[in-house]
2 protein chains.
Amino acid sequence: MTEEQEVFLAHIQKQGLKRTAQRDLILDVFLRTEEHLSSEDLYRLVHKEDSSVGQTTVYRTLKLLAEAGLAREVRFGDGLTHYEHHYKHQHHDHMICSNCGKIIEFYSAELEAIQDAMAARHKFEVEQHLLRIIGICADCRRAKRNAEKSRERIRSASARSTR
Amino acid sequence: MTEEQEVFLAHIQKQGLKRTAQRDLILDVFLRTEEHLSSEDLYRLVHKEDSSVGQTTVYRTLKLLAEAGLAREVRFGDGLTHYEHHYKHQHHDHMICSNCGKIIEFYSAELEAIQDAMAARHKFEVEQHLLRIIGICADCRRAKRNAEKSRERIRSASARSTR
DNA sequence: TTATTTGCAAATCGTTTGCACCTTA
DNA sequence: TAAGGTGCAAACGATTTGCAAATAA
């Protein structure tokens, strides 16, 4: 039994809830991914392994995983709720590629320190914070540059042929 | 005519759209607020002044204001889309009180600089970024402290009377 | 006159809930 | 056996869309 499974079991028992095959499977599939899955994403993966599991159970179990401290809800602003691993995972922020959707995690102690200082200046007690940088990732920038070069080659070639 | 109204009119004409009484009113009401309104909030305010305007028109006009650069969509993660003034407004971030919902705007050049540096480190081209700090505001913290003190007074008073 | 806009109602989408049946402790 | 859990279908709430009637250019 992995540490995560133990944490989940402990949470379940502390709350007087019950261990079920569905919950075990959903946790298992969740732990096997390293993405920022939406409930629907996870449902599809779980459904592949046991098509009798319903969407509702996945929604409810993700809530449970969040309560147990194993998952963290993240709203990227696309209307979906995403979940990422949270157990023993350091706090971090996200860069999201608006072209390909890739998510890059990053952490900066300075950033954290300044945020705390800004909060303190407003006598604000921080519960959580969320930083999202949206833009174009290195791969997509390279692809874009290549596409431009390629267009240029075609242009100059056709200029030559019609000269 | 205010500068904002001119910007709106220019945008409308450039797009081959039409100026209407509803759009004028919605812009006017929007400009008179300094909050982070949801579409529903704005609808209620507009409705008070002209009850013939429909919700749909408010939704559509807010989209238009965002395109014209007069409003900015902000998702705080409460499921609603909020809009704030954007024209000639400097970029800023938000602290949101989880108790009373108050929104504090703040800006830190250092924060911006570090974000850009983090992006550069990942060869990431920033399009926009969003920082949200959630916690308890100064007022709510004070109220909480007072409530505690008051509870204590009652407790010690009743202890005295039953002694 | 003609393309655009309007308000309504219906549709949509992610998520939640009510409920009868099933399972765990 | 009692407390919980499940899957389905229906309900939900914010937003969007289809449409026929109204309006600006």
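Quick caveat, the model's predicted, so the values are computed rather than measured.

What counts and how
- Each chain carries its own residue numbering, running from 1 in the written order of its sequence.
- Starting at A for chains and at 1 for ligands, labels are handed out in the order in which the entities are written.
- Local features in this predicted model are restricted to residues whose pLDDT is 70 or higher, and side-chain atom pairs enter the listing and the counts only when it is 80 or higher, whereas totals over whole chains, interfaces and linings include all residues.
- Note that water and hydrogens are dropped before the side-chain values are worked out from all heavy atoms of the structure.
- To define axes, lines are fitted to C-alpha atoms, for helices over the stretch in contact only, and angles between the resulting N-to-C directions are given on a 0 to 180 degree scale.
- In this description a helix means any DSSP run of H or I spanning at least four residues, a strand means any run of E spanning at least two, and both kinds are numbered starting from the N terminus.
- Any angle from 65 to 115 degrees is called roughly perpendicular, while one under 35 is roughly parallel, one over 145 is roughly antiparallel, and all others are oblique.
- If you view the pair so one helix is near and one far, a crossing is left-handed when the near helix is turned anticlockwise from the far one by less than a right angle, and right-handed when it is turned clockwise.
- It only takes one pair of heavy atoms within 4.5 Å for two residues to be counted as in contact.
- Side-chain classes follow a simple rule in which Ala, Val, Leu, Ile, Met, Phe, Trp, Tyr, Cys and Pro form the nonpolar group, Asp, Glu, Lys and Arg form the charged group, and the remainder, Gly included, forms the polar group.
- The definition of a polar contact used here is a pair of N or O atoms within 3.5 Å, where within protein one atom must be able to donate a hydrogen and the other to accept one, and adjacent residues in sequence count solely through side-chain atom pairs.
- What is meant by a nonpolar core is a set of buried Ala, Val, Leu, Ile, Met, Phe, Trp, Tyr and Cys residues, joined one to another through side-chain atoms within 4.5 Å.
- Under the scheme applied here, a residue whose accessible area is under 20% of the maximum for its type counts as buried, over 50% as exposed, and between as partly exposed, the area being computed with a 1.4 Å probe on protein chains only.
- To superpose the copies, least squares is applied to the C-alpha atoms of every residue with a pLDDT of at least 70 in both.
- A 1.4 Å probe defines the accessible area here, and the buried area is the portion of it lost by two parts on being joined, summed over both.
- Every case where a carboxyl oxygen of Asp or Glu lies within 4 Å of a side-chain nitrogen of Lys or Arg is listed as a salt bridge.
- DSSP-based pairing: two strands are paired if at least 2 bridges between them are found.
- To be near a molecule or strand, a residue needs just one of its heavy atoms within 4 Å of it.

## Re the packing of helix 3 (residues 39-49) of chain A against helix 4 (residues 55-67) of chain A
Residue and element names in this part refer to chain A. At a minimum axis distance of 9 Å, the contact between helix 3 and helix 4 shows a crossing angle of 120°. As summarised for this structure, helix 3 and helix 4 are arranged oblique, according to the angle between their axes. Handedness of the crossing formed by helix 3 with helix 4: right-handed. Residue-level inspection shows Ser39, Glu40, Leu42 and Tyr43 of helix 3 in contact with helix 4, the latter providing Gln55, Val58, Tyr59 and Leu62. Its residues assigned to classes, the contact of helix 3 with helix 4 comprises five nonpolar, two polar and one charged.

## Brief notes about the side chain of Glu84(A)
Residues and elements named next belong to chain A. Along the chain, the position of Glu84 falls in strand 3 (residues 81-85). Side-chain polar atoms of Glu84 contact the side chain of His36, separated by 2.8 Å. Filtering out sequence-adjacent residues up to four positions away, Glu84 remains in contact with Phe30, Glu35, His36, Leu70, Ala71, Arg72, Val74, His92, His94 and Glu105.

## Some points on the nonpolar core
Ranked by size, the top nonpolar core spans 28 residues in total, and within it Met95(A), Phe106(A), Phe124(A), Met95(B), Phe106(B) and Phe124(B) carry the most contacts. With residues up to four places along the chain from it excluded, the contact list for Phe124(A) reads Ala119(A), Met95(B), Ile96(B), Cys97(B), Ile104(B), Ile133(B), Ile134(B), Gly135(B), Ile136(B), Cys137(B) and Arg141(B). Residues Leu25(B), Ile26(B), Leu27(B) and Tyr83(B) belong to the second largest nonpolar core, which totals 21 residues.

## Observations regarding the relation of the copies chain A and chain B
What connects the two chain copies is a rotation about an axis and a shift along it. Mapping chain A onto chain B is achieved by rotating through 180° and translating by 0.1 Å along the same axis, at an RMSD of 0.2 Å. Viewed as a symmetry operation, the transformation between the two copies matches a two-fold axis. Taking the C-alpha atom as reference, chain A places Leu131(A) closest to the rotation axis, 2.2 Å from it.

## Digging into the interface of chain A and chain B
Interfaces are often described in size by the accessible area the parts lose on coming together. With 35 residues of chain A at the contact, the number on the chain B side is 35 residues. Both sides of the chain A and chain B interface together cover about 3,300 Å² of buried area, and 64% of this is carbon and sulfur. Our count for the contact surface shared by chain A and chain B stands at two salt bridges. For Glu125(B), the salt bridge goes to Arg141(A), with nearest N and O atoms at 3.4 Å. Counting across the chain A and chain B interface gives 18 residue pairs in polar contact (both at pLDDT 80 or more). When residues in the side of chain A that touches chain B are grouped by element, the largest group, 12 residues, is from strand 6 (residues 125-136) of chain A. The residue inventory of the side of chain A that touches chain B, partitioned by class, reads 19 nonpolar, eight polar and eight charged. Bridge count for strand 6 of chain A against strand 6 (residues 125-136) of chain B is 11 bridges, and the pairing is antiparallel. In the sheet register, Gly135(A) faces strand 6 of chain B, and the bridge partner there is Val126(B).

## As for the sheet that holds strand 2 (residues 71-75) of chain B
Residue and element names in this part refer to chain B. Taken together, three strands build an open sheet; the order of strands is 1-3-2 and the sheet is antiparallel. Single-partner strands in this sheet number two, and they are strand 1 (37-38) and strand 2. Note that strand 2 and strand 3 (residues 81-85) share five bridges and pair antiparallel. Its bridge partner being in strand 3, Ala71 is matched across the sheet by His85. Sitting on the sheet, helix 2 (residues 21-32) is in contact with strand 1, strand 2 and strand 3, with an inclination near 75° to strand 3.

## Some remarks on the sheet that holds strand 3 of chain A
All names here are of chain A. One open sheet accounts for three strands, arranged 1-3-2; its pairing is antiparallel. Edge positions in the sheet fall to strand 1 (37-38) and strand 2 (71-75), since each has one partner strand and no second. Where strand 1 meets strand 3, two bridges bridge the pair, whose relative direction is antiparallel. Among the inter-strand pairings, Ser38 is bridged to a residue of strand 3, identified as His82. Sheet contacts for helix 2 (residues 21-32): strand 1, strand 2 and strand 3; angle to strand 3, the most-contacted strand, approximately 75°.

## Observations concerning the protein's contact with DNA strand C
Among the 21 residues in the neighbourhood of DNA strand C, the closest are listed as Lys63(A), Lys18(B), Thr20(B), Arg23(B) and Thr57(B). Each atom of DNA strand C within 4 Å of the protein belongs either to a base or to sugar and phosphate, the latter forming 71%. One nitrogen or oxygen atom from the main chain of Arg19(A) is found 3.3 Å from a sugar or linking oxygen belonging to DNA strand C. One of the backbone nitrogen or oxygen atoms of Ser52(B) is found 2.9 Å away from a phosphate oxygen of DNA strand C. At the level of elements, helix 4 of chain A together with helix 2 and helix 4 (55-67) of chain B are the ones that each hand at least two residues to the surface near DNA strand C. Its residues assigned to classes, the surface near DNA strand C comprises four nonpolar, 10 polar and seven charged.

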